[in-house]
Amino acid sequence: MRDETNTVTLDGSEGEGGGQMLRSSLSLSLVTGTALRMVHVRAGRSKPGLLRQHLTALRAAAELSGAKVEGAELGSREVLFAPGPVRAGEYTFRVGTAGSATLVMQTAPSYDFIERAFVPVINRMGPRVACSIERAGFYPAGGGRFTLKVTPSRELARVEIMERGAVLSRRAVARVAGLSGSIAERELAAADEVLGWGRDCLRVETLPREQGPGNVVVVDVACEHAAEVFTLCGEKGRSAEAVGEAVAKEALAWMEAEVPVGEHLADQLLLPMALAGGGRFVTSEPTLHTTTNARVIERFLPVSIGWEQRDERAWVVTVGPRG
């Protein structure tokens, strides 16, 4: 396809071993114009190789740049991707199953996270990103649909997120589609037992029946300098009380750690900060997802990403020029 000497080769069995490595490396390939060869794709998963959402992400990246691709098929464990110039325009991508649509757009865990935690930071860096959700989609039926509009900027501004600042808002939302509203009420009651925020911060949202059946609880906290979102879907065999309690405990752990950037947002910020040439933030102990993402970024860009423990609960992550 092209000269292998101008290609970054990655082993998908290293580090986190999932689809994140593919998605991050595709983004970096597009931005830098460097070809990518990945072997052992998603080797660390029970079903290795490309699933629907990974295949859609690969094809989306190819369409954006007129790339030449090998291995673009379900179950493929090796991919070769040679991008052309990225082309502005309107694009529509369909996963085709209940696979995550947001994992085609980004490596973020949920739409709420993208809208309320990730996009505000990106907008501080220069580009203007607007997103809107048209309908929810729950496994196994799927059907979720959202729109993302990106107005690029010539360069990315450096951002530092070293403290949270004052709390501006907090809420816990339980959404149900095609299910009893009592499920949402029980989830919120259990969440409030943990959080103690009171009824004013709790809300039930009943979605159209055709968007279900499904249920999700979202807890988010917006502060002056950062926001964090915690999401957990209901599932058969797990009580509403267990769902509400679990997601609330995750949110409470972040609040008690007193770090501005949660573990999922830490993953997301590394790449834009690297493209900006630098940045810093305070987070909890970096996960394997985060460290794997850092090593991938360093293969494509002349940056160094490091973390230093500040105290028993907080780490400072620094992105800067290599050397």
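Here goes a summary of the coordinates provided. Treat the numbers as computed from the prediction; the structure is a model and nothing was measured.

Conventions used here
Residues numbered from 1 in each chain as written. Predicted model: local features only at pLDDT ≥ 70, side-chain atom pairs only at ≥ 80, totals over all residues. Heavy atoms only, no water. Salt bridge = Lys/Arg side-chain N within 4 Å of Asp/Glu carboxyl O. 1 Å grid on protein atoms, 1.4 Å probe; cavity = no way out; pocket = protein on both sides within 12 Å on 5 of 7 lines; lining within 4 Å. Points joined across faces, edges and corners; volume = space filled by probe spheres on them. Helix = DSSP H or I, 4+ residues; strand = E, 2+ residues; numbered from the N terminus. Nonpolar A, V, L, I, M, F, W, Y, C, P; charged D, E, K, R; others polar. Disulfide = S-S within 2.5 Å. Buried < 20%, exposed > 50% of the residue type's maximum accessible area, 1.4 Å probe, protein only. Contact = heavy atoms within 4.5 Å. Pairing = 2+ DSSP bridges. Right-handed = clockwise from strand over helix to strand, strands pointing away. Core = buried A, V, L, I, M, F, W, Y, C linked by side-chain atoms within 4.5 Å.

## Describing the pattern of salt bridges
1) Next: The tally for this structure, following the rule as stated, stands at 15 salt bridges.
2) Next: The residue Arg 203 makes a salt bridge to Glu 205 at a minimum N-O spacing of 2.8 Å.
3) Next: Salt bridges linked by common partners bring Asp 112, Arg 116, Arg 171, Arg 175, Arg 203, Glu 205 and Asp 220 together as one network.

## Some thoughts on the layout of surface pockets
1) Next: The space that makes up the second largest pocket amounts to roughly 170 Å³.
2) Next: Around the second largest pocket sit Glu 228, Phe 230, Glu 250, Ala 253, Trp 254, Ala 257, Val 259, Gly 262, Glu 263, His 264 and Ser 284, which together line it.
3) Next: Those elements giving two or more residues to the lining of the second largest pocket turn out to be strand S11 (227-233), helix H6 (240-257) and helix H7 (263-275).
4) Next: Among the elements that make up the lining of the second largest pocket, the one with the highest residue count is H6 (four residues).
5) Next: Split into classes, the residues belonging to the lining of the second largest pocket amount to five nonpolar, three polar and three charged.

## With respect to the state of the cysteines
1) Next: Considering all chains together, one arrives at zero disulfides under this definition.
2) Next: Looking at the unpaired Cys 131, the closest cysteine sulfur is the one in Cys 233, lying at 18 Å.
3) Next: In this structure Cys 223 is not part of a disulfide, and its nearest cysteine sulfur, from Cys 201, lies 13 Å away.

## Focus: the side chain of Thr 283
1) Next: Along the chain, Thr 283 falls in strand S12 (residues 279-283).
2) Next: The buried category is assigned to Thr 283, whose relative accessible area is 2%.
3) Next: Discounting residues that sit within four places of it in the chain, Thr 283 has contacts with Val 259, Val 261, Gly 262, Glu 263, Ala 266, Arg 313, Ala 314, Trp 315 and Val 317.

## A look at the pairing of strand S9 (residues 202-207)
1) Next: As paired elements, strand S8 (residues 167-177) and S9 share six bridges and run parallel to each other. Residue Ala 177 lies in a different strand from S9, and its bridge partner there is Leu 207.
2) Next: Between the parallel elements S8 and S9, the chain passes through helix H5 (residues 181-195) in a crossover that is right-handed.

## Description of the nonpolar core
Soluble globular proteins tend to bury their nonpolar side chains together.
1) Next: Formed by 58 residues in total, the largest nonpolar core has its most connected members in Phe 81, Phe 281 and Ile 297.
2) Next: Broken down by element, this core gets its largest block of residues, eight residues, from helix H4 (residues 111-124).
3) Next: The residues contacting Ile 297, other than those within four sequence positions of it, are Leu 28, Leu 270, Leu 271, Ala 274, Val 303 and Ile 305.
4) Next: Membership of the second largest hydrophobic core comes to 25 residues, among which are Leu 188, Trp 197, Leu 202 and Val 247.

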